[in-house]
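Descriptive structure summary
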Amino acid sequence: MEPVFEVVPKIEHFSCMADLLARAERLEEAWDFIEKLSEKPNAIVLGALLNACRNLRNVEVGERIMARLLELEPTNSANYVISSKIYANSERWDDSARMRGLMRKRGVVKTPGCSWIKIDNQVHEFLASGGLHHRLKVIYVVVKDLLSFCPRDLFRQCCRESLGLRGPAIIVDPQKLLN
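First, a word on scope: everything that follows refers to the structure included in this document.

**Digging into the pattern of salt bridges**
Following the criterion strictly, the structure yields eight salt bridges and no others. The salt bridge partner of D19 is R23, with a shortest N-O separation of 2.7 Å. Of this pair, D19 and R23 both sit in helix α2 (residues 11–23), separated by four residues, roughly a single helical turn. For the salt bridge of R26 with E29, the shortest nitrogen-to-oxygen distance reads 2.7 Å. Of the residues examined, E29 reaches a relative accessible area of 38% and is grouped as partly exposed.

Written as structure tokens, this is what we have:
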């Protein structure tokens, strides 16, 4: 890159390359690539590869990445959660529980999921572990109206795709959410 384009490669370039290899389902090659770097891979590169391991159900490479990430970012809850999911997807329930236990033992707390919705130029935030929103009933009415235009099977398919589900899964009936 340097002789041809006069650009000294930085960690951002290496991150892109590792991500491209992972997206091409070439995790071993991505791992070898980051292992040979002159710079140590940062948490962003490793996190992208760990997520690819989860998506591709590759426990072997995932374990190598987990070890590095837990050294670099011992308080990042996402590393424990994704690692636990990698094991769970491979039906290694004891290892999955071990990761959750390690997280508790180290006092790491999962960051709650959140969503935002903009109504009348005002942004409203919803936390997964938060209390009830003061306009919750109005929001449910709007969601119910939107769902009336969406066939139930289409709603379930959209949920499955947005959650990245491949196999059989339980998707809650949208009407039960609103009653």
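**Things to note about the nonpolar core**
If you look at the biggest cluster of nonpolar residues, it comprises 32 residues, and the most contacted ones within it are L27, I34, L49, L50, I65, Y80 and I86. Counting only elements with at least two residues in this core, the list comes to α2, α3 (27–35), α4 (43–56), α5 (59–72), α6 (77–89) and α7 (93–105). Ranked by the residues each element gives to this core, the list is headed by α4, at seven residues.

The rules behind each value
Residues numbered from 1 in each chain as written. Predicted model: local features only at pLDDT ≥ 70, side-chain atom pairs only at ≥ 80, totals over all residues. Heavy atoms only, no water. Salt bridge = Lys/Arg side-chain N within 4 Å of Asp/Glu carboxyl O. Helix = DSSP H or I, 4+ residues; strand = E, 2+ residues; numbered from the N terminus. Buried < 20%, exposed > 50% of the residue type's maximum accessible area, 1.4 Å probe, protein only. Core = buried A, V, L, I, M, F, W, Y, C linked by side-chain atoms within 4.5 Å.

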